[in-house]
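Residue-level listing of the chains:
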Amino acid sequence: MTRTELDAAGITDPDLRRSYHLCRELNAAHGKTFFLATRLLAPDQRPAVHALYGFARRADDILDEFQPELTSAERAARLQALAGQFSDADAAGDPVLAAVLHTADAYRIPRRLFDAFLESMRMDLSVTDYPNRAALDRYVYGSAEVIGLQLLPVLGTTESVEAAAPYAAALGKAFQLTNFLRDVDEDLARNRVYLPADELAAHGVDRELLLWCRTQQRVDPKVRRALAEQHEITRDIYAFARHGIDLLAPRSRPCVATALVLYGEILDRIEADDFEVFGRRARVGTARRIRVGATGLLRAWQARRTTVPSRSGSDAPHSLDAVDHREHG
């Protein structure tokens, strides 16, 4: 129950409790898989995670292409307004922002991580292609890596947050790159390609060939080879990120390990389908998700029985103020 989670997190102010409750409702309604993953966390961790999701959802709603009446300029103005509101809890007048501001303060999450997220969201208003890996990495840092960094103080660490940060950022990156591979078809429908153009070109692939594949609903051999290369790059990032699980607080490891397994299996499905990403969407079956989730839930319950969280939300001194890991593998 939400009340149990809020009590466990020590959130007593009625207005703030309502703000966190709203964030939880947003997560449950729009981030179903992510919401289920939060069930593997301890009750006192969940409100902060819901709040961070709520902030990301606010930005997503501004970019939502189901509002075609909004121009890019209007969306950009709304993102700028969101950034301005985030600067001042009193000026915000938005219960979602009240919760995320409280979370950012409680866990000492630097403002620059939220700024970087909003900057990548602005890129989605005008950027439709990425010429090289460096350009794509700049987008992925703000759209995915900072999410891992925001969550890290909430998850807690056995050493410093600085030690675990490269792995948390890498896991966010791996999840995002998995999405890019899975959603090539859907992204093309939105006039976007989230794959480095120079790496595609090395295999004789360009936007025109990708659009041909989408029209034919089948993958060209050159495209298959290009996607296989992207697949291996993403696999390597998962391998790097996996080393960070042992640096997390024991009670948080089952949640992150479960997410890593399930997202990694999306890559398995893409490969098993021989990179036929046009006209189909790689998925992990419900039965498999239930089995992995149930195992994670049991491990989370066992870990919570044997560990006691520190009041700071981490098992070691932590600060993200000086962390910037855009250049990890």
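This text follows the structure it describes.
Remember, it's a predicted structure, so these values are computed and weren't measured experimentally.

### Re the nonpolar core
Grouped together as the largest cluster of nonpolar side chains are 95 residues, with contacts concentrated most on F55, V223 and F278. Looking at which domains feed residues into this core, each of domain 1 (1-113) and domain 2 (127-305) supplies at least three. Beyond its immediate stretch of four places on either side in the chain, F278 contacts V184, D185, L188, L210, C213, R214, Q217, R218, V219 and V223.

### Overview of the pattern of salt bridges
Taken as a whole and assessed by the stated rule, the structure comprises 25 salt bridges. Linking R224 and D274 is a salt bridge whose minimum nitrogen-to-oxygen distance equals 3.1 Å. Placement of R224 in helix α14 (residues 221-242) and of D274 in the loop between α15 (253-272) and α16 (286-306) is noted, with a sequence separation of 50 residues between them. R280 is the partner of D273 in a salt bridge, and the nearest nitrogen-oxygen pair spans 3.9 Å. For D273, a relative accessible area of 29% corresponds to the partly exposed category. A single network of salt bridges, built from pairs that share partners, joins E5, R24, R39 and R46.

### Things to note about the environment of E145
Considering the arrangement of structural elements, one finds E145 in helix α9 (residues 133-155). What makes E145 buried here is its relative accessible area of 1%. C-alpha separation for the pair E145 and G172, spaced 27 residues apart in sequence, amounts to 4.7 Å.

### So, the packing of aromatic side chains
In this structure the tally under the stated criterion is ten aromatic pairs. When the ring of F175 is compared with that of Y263, the centres are 4.6 Å apart and the planes differ by 35°; the resulting orientation is tilted. With F175 in helix α10 (residues 161-182) and Y263 in helix α15, the pair connects residues that are 88 residues apart, well separated along the chain. Accessibility expressed as a relative area gives 23% for Y263, which makes it partly exposed. Their ring planes at 5° and their centres at 4.6 Å tell us that F180 and Y194 sit as a pair that is stacked. Placement of the pair is F180 in helix α10 and Y194 in the loop between α11 (184-189) and α12 (197-201), with a sequence separation of 14 residues. Take F180 and Y194: they sit in the same class, and that class is buried. Put simply, the rings of Y130, Y139, F180 and Y194 pair up and form one aromatic cluster.

Definitions and cut-offs
- Residues numbered from 1 in each chain as written.
- Predicted model: local features only at pLDDT ≥ 70, side-chain atom pairs only at ≥ 80, totals over all residues.
- Heavy atoms only, no water.
- Core = buried A, V, L, I, M, F, W, Y, C linked by side-chain atoms within 4.5 Å.
- Buried < 20%, exposed > 50% of the residue type's maximum accessible area, 1.4 Å probe, protein only.
- Domains from an automatic or database assignment.
- Contact = heavy atoms within 4.5 Å.
- Salt bridge = Lys/Arg side-chain N within 4 Å of Asp/Glu carboxyl O.
- Helix = DSSP H or I, 4+ residues; strand = E, 2+ residues; numbered from the N terminus.
- Phe/Tyr/Trp six-rings, centres within 6.5 Å; stacked < 30°, edge-to-face > 60°.

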